[in-house]
Amino acid sequence: MDMLLPPGRPIAFFPSLGPHVGGTKAALFLCQLAYWTPRVFDGDGWIYKSQAEWCQELGLTLKEQKHARQKLRMHGLIEERYARLEHQLWLRLDVDAWNSCITSI
């Protein structure tokens, strides 16, 4: 049997997080942020990716990203910082909130 060519890079997420963080899209966004958190070069844990980069990684539209981030903020799982001069939205996972969420499942 021939191997199928992948259409891109796969990502993993925990569907069980969905009911605890505001839905599947919020869980998807959160898991990708958790993936990048230990890989950041910023010592404070802030991550910058453009909305286009998040869209390419997650397959979420700009509106879906906005709603997912809103739900994650409401649950205290992420922080946002907007650098106005650079027009960049930086995100940071609250690791303590993540651990608390995981242990409550």
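Calculation rules
All residue numbers refer to positions counted from 1 along the written sequence of the respective chain. Whole-chain, interface and lining totals are the exception, using all residues; otherwise, since this is a predicted model, local features are given only for residues with pLDDT of at least 70 and side-chain atom pairs are given and counted only at 80 or more. To get the side-chain values, all heavy atoms of the structure are used, and hydrogens and water are removed first. Each salt bridge in this description consists of a side-chain nitrogen of Lys or Arg and a carboxyl oxygen of Asp or Glu lying within 4 Å of one another. Counting from the N terminus, the helices are DSSP H or I runs at least four residues long and the strands are E runs at least two residues long. The cut-offs for exposure are 20% and 50% of the maximum accessible area for each residue type, with area from a 1.4 Å probe on protein chains only; residues under the lower value are buried, those over the upper are exposed, and the others partly exposed. Residues are treated as being in contact if the distance between any of their heavy atoms lies within 4.5 Å. We call two strands paired when DSSP finds no fewer than two bridges between them.

What follows is about the pattern of salt bridges. According to the stated counting rule, one finds five salt bridges in the structure shown. Residue E57 is joined to K49 by a salt bridge in which the shortest nitrogen-to-oxygen separation is 2.7 Å. A salt bridge links R69 to E80; its shortest N-O distance comes to 2.7 Å. Pair noted here: R69 is in helix α4 (residues 62–74) and E80 is in strand β2 (residues 78–83), with a separation of 11 residues, a long-range link. Using a relative accessible area of 9% as the deciding quantity, one classes R69 as buried. Assessed through its relative accessible area of 27%, E80 is described here as partly exposed. What you see here is one network of salt bridges that share partners, running through R69, R73 and E80.

Tracing the chain through its elements places A83 in strand β2. By relative accessible area, which is 18% here, A83 ends up buried. Contact partners of A83, with chain neighbours within four places excluded, come to Q88 and W90.

The pairing of strand β1 (residues 47–48) with strand β3 (residues 88–93) spans two bridges and is classified as antiparallel. Of the residues in β3, the one forming a bridge with I47 is L91. The pairing of β2 with β3 spans six bridges and is antiparallel. Across the sheet, residue R81 finds its bridge partner in β3, namely W90.

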